[in-house]
Amino acid sequence: GNHTQPNFILLGITDTAWAQLPLFGLFLLIYIITLAGNIGLMLLVWVAPNLHTPMYFFLTHFSLADVCYSTVISPKMLTDLFFGNKTISWAGCVTQFHLFALFVTAECHLLAAMAYDRHVAICHPLSYVLVVSPRTCWQLVAWSYLVASLSALIYTGCTFGGSFCGPRRVDHFFCDASPMLRLACSDTRGGEVAIFALAAANGLGTGAVILLSYGRILRAVLGLRSAPGRARAFRTCASHLVSVSVFYGSLFFMYLQPASQHGSRDKVASIFYTVLSPMLNPFIYGLRNKEVKAALGKCRRRM
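- The protein chain appears in an unreviewed UniProt entry as Olfactory receptor from Irena cyanogastra.
- According to the UniProt record, the Sequence similarities (unreviewed entry) comment for the protein chain reads "Belongs to the G-protein coupled receptor 1 family."
- Looking at the Function (unreviewed entry) heading of the UniProt record, one finds this comment for the protein chain: "Odorant receptor."

Next up, the structure:
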């Protein structure tokens, strides 16, 4: 049982020997770009006065969540690929899953807060300063982390609250809920139902806020008289929605399907939201904006 705190073996992305080093190089490059892009964006917002706005306040926390949950997953995955030592302790497995669940859930709520901020800015510009005040921004961020912390505790308790007395080979590249529950020898139906219900509440609730916000934004954009303005707004909304669709689509595929349907495709879906999404988000949400480009130009001239 859990009192023995057994070690687990992560089977990883692939067991093909010749593919280990190429995958290591690819994912190392992606991880470096992820850290450089997100940390660079956070530093830029911190040093550039023109970026001290609610949108970039949310974006810094969003980048922080990207860095944190990517760091929870990628270094262990890279060492497994390079050294081949795929063992992870019971405590390490619990910690990895708990932190991953915390930051991914926080990111869902931060995405909803960012969508709400853009909705107010575009659809109600005259009342934007009053509605999205600094106090409101801090409340939304605090709510995101509070809900994420409580959700992560429940996810972790439901996943690791039983006994693991069978094989210790985890068919994944990190300690996720579905492969861990398959190793449990106690009854996991209650935990699976609780994880499904909570994931649905977090995912569908924040997803509905995002869809409603962008739906109203698109309706407001259609009313613009300027054709270049409409095209620019459409491009921005489209890129955001593509990023959200990839992130939520892979999450829904992983956590809103019956346990019997999980299989080898889970690893592919997990790569999208654990590896690729954190790398792309700084470019989609930050570097495409005029304000960020202008701030980068100023910093470059100072240097």
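Quick look at the side chain of D66
Step number 1: Structurally, the position occupied by D66 is in helix α2 (residues 54–83).
Step number 2: Overall, D66 belongs to the buried group, its relative accessible area being 0%.
Step number 3: Other than its neighbours up to four places away in sequence, D66 contacts N38, E107, P278 and N281.

Observations regarding helix α5 (residues 134–160)
The periodicity of an α-helix, 3.6 residues per turn, causes residues three or four places apart in sequence to face the same way.
Step number 1: Given a rise of 1.5 Å per residue, 27 residues ought to cover 39 Å, and the 39 Å separating the end C-alpha atoms of α5 matches this to within 8%.
Step number 2: Taken together, the buried positions of α5 are occupied by T136, C137, V141, S144, V147, A148, S151, A152, Y155, T156, T159 and F160.
Step number 3: Looking at the buried residues of α5, the elements they touch are α2, α3 (90–123), α4 (128–131), α6 (177–183) and α7 (189–222).

Here we look at the confidence of the model for the protein chain
For residues with low pLDDT, the predicted coordinates do not support detailed interpretation.
Step number 1: Of the residues in the protein chain, 93% reach a pLDDT of 70 or more, and the chain-wide mean stands at 86.
Step number 2: Ranking the elements of the protein chain by mean pLDDT puts helix α8 (residues 227–255) last, at 76, and α5 first, at 95.

Focus on the state of the cysteines
Step number 1: This model, assessed by the stated rule, comprises one disulfide.
Step number 2: Covalently, C93 is tied to C175 through a disulfide, its sulfur atoms 1.8 Å apart. Where C93 bonds to C175 through sulfur, the torsion about that S-S bond is close to -115°, and the disulfide is left-handed. Pair noted here: C93 is in helix α3 and C175 is in the loop between β3 (169–170) and α6, with a separation of 82 residues, a long-range link. This pair shows no difference in class: C93 is buried, exactly as C175 is.
Step number 3: We note that C108 lacks a disulfide partner, and the nearest cysteine sulfur, in C68, lies 15 Å from it.
Step number 4: There is no disulfide at C137, and the cysteine sulfur nearest it, in C123, is 17 Å away.

Quick look at the nonpolar core
Step number 1: In this structure, F8, F27, F100 and F247 are the most contacted members of the largest nonpolar core, which totals 86 residues.
Step number 2: The biggest single contributor to this core is α3, with 18 residues.
Step number 3: When sequence neighbours within four positions are dropped, the list of residues in contact with F247 reads Y69, V104, E107, C108, L111, Y273 and S277.

Considering the packing of aromatic side chains
Step number 1: As enumerated under the stated definition, the model contains 14 aromatic pairs in all.
Step number 2: Both rings, one in F82 and one in F83, keep their centres 4.9 Å apart while their planes meet at 85°; by these two values the pair is edge-to-face.
Step number 3: Overall, the relative accessible area of 63% leaves F83 in the exposed class.
Step number 4: Aromatic pair F173 and F174: ring centres 5.3 Å apart, planes at 55°, arrangement tilted. The burial state of F173 is the same as that of F174; both residues are buried.
Step number 5: Grouped by ring-pair contacts, the aromatic residues F8, W90, F97, F160 and F164 constitute a single cluster.

Looking at the pattern of salt bridges
A side chain with one charge can pair with a side chain of the opposite charge if their charged atoms come near.
Step number 1: Taken as a whole and judged by the stated rule, the model has four salt bridges.
Step number 2: We note a salt bridge from D80 to K76, for which the minimum N-O separation is 3.1 Å. Of this pair, D80 and K76 both sit in helix α2, four residues apart, which is roughly one turn of that helix. Each member of the pair, D80 as well as K76, carries the same accessibility label: buried.
Step number 3: Among the ionic pairs, R189 bridges to D187, the shortest N-O distance being 3.1 Å. Like R189, the residue D187 is exposed in the burial classification.

Remarks on the sheet that holds strand β2 (residues 87–88)
Step number 1: Taken in spatial order, the three strands of this open sheet run β2-β1-β3, and their pairing is mixed. Every other strand in the sheet has two partners, leaving β2 and β3 as the edge strands with one partner each.
Step number 2: Sheet topology note: the strand β1 (residues 8–10)/β2 ladder contains two bridges and is antiparallel. Within the sheet, the bridge partner assigned to I9 lies in β2 and is T87.

So, the side chain of S144
Step number 1: One can find S144 in helix α5.
Step number 2: Looking at S144, the relative accessible area reads 1%, which means it is buried.
Step number 3: Leave out the neighbours within four places in its chain, and S144 touches A106, H109 and L110.

Points about the packing of helix α1 (residues 20–47) against helix α9 (residues 265–286)
Step number 1: Two elements in contact, α1 and α9, have axes separated by 9 Å at closest approach and are oriented at 40°. Between α1 and α9, the crossing angle belongs to the class labelled oblique. In this structure, the crossing between α1 and α9 has a hand that is left-handed. Counting all contacts with α1, which are made through F27, I30, I33, T34, G37, N38 and L41, the residues of α9 involved are I271, V275, L276, P278, M279, P282, F283 and G286.
Step number 2: Taken together, the residues that form the contact of α1 with α9 break down as eleven nonpolar, four polar and no charged.

Rules behind the numbers
Residues numbered from 1 in each chain as written. Predicted model: local features only at pLDDT ≥ 70, side-chain atom pairs only at ≥ 80, totals over all residues. Heavy atoms only, no water. UniProt positions renumbered as here; feature names shortened; annotations may be inferred. Helix = DSSP H or I, 4+ residues; strand = E, 2+ residues; numbered from the N terminus. Buried < 20%, exposed > 50% of the residue type's maximum accessible area, 1.4 Å probe, protein only. Contact = heavy atoms within 4.5 Å. Expected span 1.5 Å × (residues − 1). pLDDT = per-residue confidence, 0-100. Disulfide = S-S within 2.5 Å. Core = buried A, V, L, I, M, F, W, Y, C linked by side-chain atoms within 4.5 Å. Phe/Tyr/Trp six-rings, centres within 6.5 Å; stacked < 30°, edge-to-face > 60°. Salt bridge = Lys/Arg side-chain N within 4 Å of Asp/Glu carboxyl O. Pairing = 2+ DSSP bridges. Axes fitted to C-alpha atoms, helices over the stretch in contact; angles between N-to-C directions. Parallel < 35°, antiparallel > 145°, perpendicular 65-115°, else oblique. Left-handed = near helix turned anticlockwise from the far one by under 90°. Nonpolar A, V, L, I, M, F, W, Y, C, P; charged D, E, K, R; others polar.

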